[in-house]
Amino acid sequence: MDVVLDVMLLGQRRFHELGLRAQVVLRQLPLNLTMIFVCGISALADTADFADAGFVISQLLALAVLAACAAVPWERLPRWSFLAIPVLDFYPIGLLRFSDGDLLPGLGLLAVFPILWLASAGYRPRTAVAFGAIATLLMVWMPHFMDGTANIHSLASELLTPFIMFVLGVATSISSLSGRTQRKRIEELLDRSETRQQLLETIVDTVDVGVVVVDTVGDVVLMNAQQREIHQSALPDGVNTAREPELLVYADSSDELVEPKLRPAARVVAGEVISHELYRLGRGQRARTVSVSAGPFRDAGGEVAGSVLAFSDVTEVVAAIRARDTFLAAMSHEFRTPLTSLLGYAELLHEDASLSPAARADTLVMARNAQHLNKMVDDILAAATPGAAELPRTPLDLAELTGDAVDSSSPDAARRDITIKLTDDGVLPVLGDRTGLVRVLDNLVSNALKYSGGGSTVTLRARRDGPWAVLTVADQGIGIPPEDLKRIFTRFQRGSSALRSGIPGTGLGLALAREVAVRHRGELECVSELGVGSTFTLRLPLRGELGGRS
């Protein structure tokens, strides 16, 4: 009963949340309350209804039906069995109307209660509405047959009430069907939403990236399992929980705590977008290095609803990079020191007048191999640290750099009996890194010489092409097979023809050359024909063109 009263008084419970027995009682209760109200009206009107056995029996029958609603275990019976109740309701309503006569007009409208019940039950609504209309018709006609007043006029005068009940039943059935369809759709959407929510939570807890969602004032709305672990590393020693200003957050490579207003959470709440910034959380062995990215998210109305922060634990990656840098620095020192000595002593020996021609030739071989090894070391070091720092941009002349590269390669070309031809259109001003561009030009010229035979010609042309400074290096060498051409700019890849010829190399030079060209917002391309030769084309934006202003 408490549940029934709670629903009737619009409390915490909702009708569809109730059990079947409570629902049946609630559906029957309005009719009984109305019949009790009729009793009150009869008493005030000083009618003789209470002296009529039919009036009293109809009230008792209605109460008996209500009692049956509460006593019958409807959950154990077929789902449609409760429809017997609105069918039974027509009898006490008809008896009440017949026994009252015309003293209380409108009692036939009580049929609206079983009609609404039948129409909204959702079980064969067409049959239920038709049955309700027929039952109402019989309810208003039966008194005329019982007292002998049935004729065409009396029966026709009673058709309005059954017709109204029929129309009301049809409207209720349509509305109920529509509401049931909408409710089913809403339940499906809720199920999908709950499934997606559970899927999202599972994904967020599964990924190895810490995720934090904060609202517009910085309060945490969601934190996944990975972030809870990362958060623990930022807590001061001996503390299980702490507010954001109390966390140990350091800038990378610094022992100074980051001010609370400059920390990622505070910055993103202030509207800033963060991309891959490094921070160190905590001290000692528990310290973790994290890469933080963050940005706002918006609600359905387009308003900022909060921010999402992603924390990637890069402790091992940073440690590996630092170990690599340490190793490269040591390797550079350990390799360059003996190579410098070898080159120096080879030059001293070569200048010794007492050496025989054969010994002097040997010193040239020593120097050439030492220079080759030195170049390999340079290539490996450059490949290990690509784009590590912003390029130093200085005004340069591509034509002048090309001339210097030709001058540097002329002794090697002479030894190989190869002719180098250079033409240019004058000054070609570019903006870039001298060291990187010199390496590119030296690589292109040395490759042309390396893969060309004696008596051939290597042709260099430096020219303007619209907003570009263009350098072409063409040789008459062994060429590159079509299947190898598409991968010559890939690191550690060498063409099959070069491998068959036994020409030494690391497969890094062209890859690094293209990387330098791209970093200068330029291009490096190659066309080649096997047995005919290759042509490499370097394009760089002229200074002041294509956004290359100093």
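Residues numbered from 1 in each chain as written. Predicted model: local features only at pLDDT ≥ 70, side-chain atom pairs only at ≥ 80, totals over all residues. Heavy atoms only, no water.

Draft legend 1. Here's a closer look at the confidence of the model for the protein chain. For the protein chain, the mean per-residue pLDDT works out to 80, and 86% of the residues sit at or above 70. Low confidence marks residues 7-12, where pLDDT is under 50. Its contacts with residues over four positions away, or in another chain, come to 10 contacts. (pLDDT = per-residue confidence, 0-100. Contact = heavy atoms within 4.5 Å.)

Draft legend 2. The pairing of strand S11 (residues 468-474), seen in detail. The buried count for S11 comes to 6 of 7 residues, which makes it a mostly enclosed element. The sheet contact formed by strand S10 (residues 457-465) and S11 spans 7 bridges and is antiparallel. Counterpart to arginine 461 in the pairing with S11 is threonine 472. What sits between S10 and S11 in their antiparallel hairpin is a turn of 2 residues, with glycine 466 showing a positive phi close to 65°. Across 7 bridges, S11 lies against strand S13 (residues 533-541) in antiparallel orientation. Counted as the bridge partner of alanine 469 is leucine 540 from S13. (Buried < 20%, exposed > 50% of the residue type's maximum accessible area, 1.4 Å probe, protein only. Helix = DSSP H or I, 4+ residues; strand = E, 2+ residues; numbered from the N terminus. Pairing = 2+ DSSP bridges.)

Draft legend 3. Broad picture of the nonpolar core. Counting 37 residues, the largest nonpolar core has Leu398, Leu460, Leu471, Phe536 and Leu538 as the members making the most contacts within it. If you list the elements that add at least two residues to this core, you get helix H13 (398-416), helix H14 (434-450), S10, S11, helix H17 (509-519), strand S12 (523-529) and S13. No other element matches the 7 residues that H14 contributes to this core. Counting 33 residues, the second largest nonpolar core, distinct from the first, contains Phe55, Leu66, Leu96 and Ala111. (Core = buried A, V, L, I, M, F, W, Y, C linked by side-chain atoms within 4.5 Å.)

Draft legend 4. Just the packing of aromatic side chains, in detail. For the coordinates displayed, the defined rule picks out 2 aromatic pairs. For the ring pair phenylalanine 489 and phenylalanine 536, a centre distance of 6.5 Å and an interplane angle of 90° mean the geometry is edge-to-face. Of this pair, phenylalanine 489 sits in the loop between helix H15 (482-485) and helix H16 (496-501) while phenylalanine 536 is found in strand S13, placing the two residues 47 residues apart along the sequence. Under the relative-accessibility criterion, phenylalanine 489 is labelled buried at 16%. Here the guanidinium or amino end of arginine 280 rests over the ring plane of tyrosine 250, the centre of that ring lying 4.6 Å away. (Phe/Tyr/Trp six-rings, centres within 6.5 Å; stacked < 30°, edge-to-face > 60°. Lys NZ or Arg CZ within 6 Å of the ring centre and 35° of its normal.)

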